[in-house]
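# Secondary and tertiary structure notes
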Amino acid sequence: MAGPKWEDLNKDCLVNVVTRLGTKSLLIVIPFVCKSWYRVSLDPSCWQTINFQEIKCGHQSWYHFSSAYAFFKSIIKRSQGNATTVMLPTLCTEEVLRYLANKCPALKALYFPPAIWDNSSFVLPKLIRNWKNLELLKLGNSINMVKILEGISLHCKNFCRLDIDSTAYIGRHAAAAIPTLLPNKKYLNLRRANISQTSLKRILRGCKKLVHLDVRDSVGFECDNKLLKLGSHISNFQIFKDDDAYIVGFIGEVEIYAGFEENASET
């Protein structure tokens, strides 16, 4: 006797399966498996997490026939406003960011690519008010960071994690803004950043609720006993290189936001 068929699987179970396969698979694999999988791929529940960084862009891309903005809009529309996690594409223009702010008010986690085009860093502070549920922000650089943090402080009461992409320069104004504007955040990732001893100490003194701070492979400061003492309240203080014998705490890097309670259980 033949066993159960995929098309007979409960819809909620099937949604749970296909969402684990990633955005790229949702676009170019799952819809072509069978009719039931195609119908499920159109369900807004499958598009709560959208990772544009999985998708190759450029003239050799499989979607090169369409403009980047038109492609972006077509994917965001599939979520019907339910997207909670978005990893932005490299071709992240101001137009793209404004569309996301208007169509995805439920956003909880927003990831910028390492390099962003256009003036997205300057328009972002004006758009943050649309994302009142925002909890995590990964910036591609430190441009206009103080204004961005001001917006988060005013509009995002549940915010608790800030990631700054590698090689970013954290100047004295940005270093002062981090504890002043976001005193209750729990996670801060400044790995491979350029930050001075004074600026790092200011962050350590002002961010008393931090449970995770990563400054591995960063430059501009020297680790000493005073620095370690200032960071002793942080349960996962990562300050040495991966190949060093001594690392203060550990937490796995989170590629896709899945809730902080789950991530904290790894520590």
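Residues numbered from 1 in each chain as written. Predicted model: local features only at pLDDT ≥ 70, side-chain atom pairs only at ≥ 80, totals over all residues. Heavy atoms only, no water.

Looking at an unreviewed UniProt entry, one finds the chain named F-box domain-containing protein and attributed to Castanea mollissima.

## Focus on the pairing of strand E4 (residues 136-139)
Two elements, strand E3 (residues 109-111) and E4, share three bridges in a ladder whose sense is parallel. Note that in E4 the partner of Ala 109 across the bridge is Leu 136. As paired elements, E4 and strand E5 (residues 161-164) share four bridges and run parallel to each other. Counted as the bridge partner of Leu 139 is Ile 164 from E5. (Pairing = 2+ DSSP bridges. Helix = DSSP H or I, 4+ residues; strand = E, 2+ residues; numbered from the N terminus.)

## Structural notes on the packing of helix H4 (residues 68-79) against helix H5 (residues 94-103)
Two numbers describe how H4 lies on H5: the axes approach to 10 Å, and their chain directions differ by 15°. It follows that H4 is roughly parallel to H5 by the angle criterion. The handedness of the crossing between H4 and H5 is right-handed. Here Tyr 69, Phe 72, Lys 73, Ile 76 and Lys 77 of H4 lie close against H5, whose contacting residues are Glu 95, Val 96, Tyr 99, Leu 100 and Lys 103. Within the contact of H4 with H5, the residues separate by chemical class into six nonpolar, no polar and four charged. (Axes fitted to C-alpha atoms, helices over the stretch in contact; angles between N-to-C directions. Parallel < 35°, antiparallel > 145°, perpendicular 65-115°, else oblique. Left-handed = near helix turned anticlockwise from the far one by under 90°. Contact = heavy atoms within 4.5 Å. Nonpolar A, V, L, I, M, F, W, Y, C, P; charged D, E, K, R; others polar.)

## Remarks on the packing of aromatic side chains
According to the stated counting rule, one finds three aromatic pairs in the structure shown. Measuring from ring centre to ring centre gives 6.5 Å for Phe 72 and Tyr 99, while their planes differ by 75°; the resulting arrangement is edge-to-face. Here Tyr 99 lies in helix H5 and Phe 72 lies in helix H4, a separation of 27 residues in the sequence. Its relative accessible area of 10% is what places Tyr 99 among the buried residues. (Phe/Tyr/Trp six-rings, centres within 6.5 Å; stacked < 30°, edge-to-face > 60°. Buried < 20%, exposed > 50% of the residue type's maximum accessible area, 1.4 Å probe, protein only.)

## With respect to the pairing of E5
In E5, alternate side chains face the same way, and those of Arg 161 and Asp 163 on one face and Leu 162 and Ile 164 on the other are all buried. Remark: the E4/helix H7 (residues 145-155)/E5 crossover connection has right-handed handedness. Pairing analysis gives three bridges linking E5 to strand E7 (residues 187-189), with the strands arranged parallel. In the strand pairing of E7, Arg 161 is matched with Tyr 187. (Right-handed = clockwise from strand over helix to strand, strands pointing away.)

## What about the side chain of Ser 41?
With respect to the helices and strands, Ser 41 occurs in helix H3 (residues 35-41). Polar contacts involving the side chain of Ser 41 include one to the main-chain carbonyl oxygen of Tyr 38, which spans 2.6 Å. When sequence neighbours within four positions are dropped, the list of residues in contact with Ser 41 reads Leu 26, Ile 30, Pro 31 and Trp 47. (Polar contact = N/O pair within 3.5 Å; in protein donor to acceptor, adjacent residues only side chain to side chain.)

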